[in-house]
Amino acid sequence: MLFATHLVIAWLLARARGLSVVAAVIGAALPDLVDKPLASAGLVDLFHTVGHTALLAPVFVVLALRGGRWLVLAVGWASHLAADALHIVVNGRPTDAYFLGWPLIEPPTPLAIPPGEFVWYYLWSRSFFIEVGIWLLAAWVVSRELRARASDHR
């Protein structure tokens, strides 16, 4: 899934539940902010490793138990992992979802495509249309908010 879409998903989740949008978006950004630079620098072989592993769940559970923004940060992180796993499965590569078990389990045939090239691979895939739906939902939410504000100022 594209990075910006992870942020939009977190924004939608936070708005729907009245949670901190900033904390949700930061949480959703974390996996890619960790893994993309590591892979680009050649420190790891794949783009879904340290930040994308579900083995970090105990850390995020401890953060979530602190409540408040920490809970929302954990929700953002979990939404990122869930969205990536969904996109991989929808695109017919279910074994690539093994990234969730990294480093104990690695996908047998990972794409390992750098982020820029991934965009071209991803366009018109099945999960691309799910992302289009997410963006349309976000546009609808924003337009509804703008209409509500405009009617309040009349």
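The preceding data block contains the structure.
Cut-off values and rules
Residues numbered from 1 in each chain as written. Predicted model: local features only at pLDDT ≥ 70, side-chain atom pairs only at ≥ 80, totals over all residues. Heavy atoms only, no water. Patch = residues over 30% accessible without salt bridge, like charges linked within 9 Å, V, L, I, M, F, W, Y side chains within 5 Å. Areas by Shrake-Rupley, 256 points an atom, 1.4 Å probe, with all protein chains shown as cover. Salt bridge = Lys/Arg side-chain N within 4 Å of Asp/Glu carboxyl O. Buried < 20%, exposed > 50% of the residue type's maximum accessible area, 1.4 Å probe, protein only. 1 Å grid on protein atoms, 1.4 Å probe; cavity = no way out; pocket = protein on both sides within 12 Å on 5 of 7 lines; lining within 4 Å. Points joined across faces, edges and corners; volume = space filled by probe spheres on them. Helix = DSSP H or I, 4+ residues; strand = E, 2+ residues; numbered from the N terminus. Nonpolar A, V, L, I, M, F, W, Y, C, P; charged D, E, K, R; others polar. Contact = heavy atoms within 4.5 Å. Polar contact = N/O pair within 3.5 Å; in protein donor to acceptor, adjacent residues only side chain to side chain.

Taken together, the side chains of Leu55, Tyr98, Leu104 and Ile105 make up a nonpolar region of the molecular surface, amounting to roughly 410 Å² of accessible area. For Ile105, a relative accessible area of 42% gives the class partly exposed.

This paragraph deals with the layout of surface pockets. Roughly 500 Å³ of internal volume is contained in the largest pocket. As for the largest pocket, its lining consists of 29 residues, of which Lys36, Phe47, His48, Ile113 and Phe118 are closest to the centre. Mapped by element, the contributors of at least two residues to the lining of the largest pocket are helix 1 (3–17), helix 2 (21–40), helix 4 (68–90) and helix 5 (115–122). Residue composition of the lining of the largest pocket, grouped by class: 18 nonpolar, 6 polar and 5 charged.

Our next topic: the environment of Asp32. Note on placement: Asp32 falls in helix 2. Separated by 51 residues in sequence, Asp32 and Ala83 place their C-alpha atoms 13 Å apart. Not counting residues within four places of it along the chain, the set of residues in contact with Asp32 comprises Phe3, His6, Pro37, His52 and His80. At 3.2 Å, the side chain of Asp32 and the side chain of His52 are in polar contact.

Under the counting rule described, the total for this entry stands at 4 salt bridges. A salt bridge links Arg15 to Glu145, with the shortest nitrogen-to-oxygen separation between them at 3.1 Å. Pair noted here: Arg15 is in helix 1 and Glu145 is in helix 6 (residues 126–152), with a separation of 130 residues, a long-range link. Assessed through its relative accessible area of 26%, Glu145 is described here as partly exposed. Across the salt bridge formed by Glu145 and Arg149, the nearest N and O atoms sit 3.0 Å from each other. Here the residue Glu145 and the residue Arg149 both occupy positions in helix 6, the gap between them amounting to 4 residues, near one helical turn. Its relative accessible area of 48% is what places Arg149 among the partly exposed residues. One network of salt bridges, with partners in common, ties together Arg15, Glu145 and Arg149.

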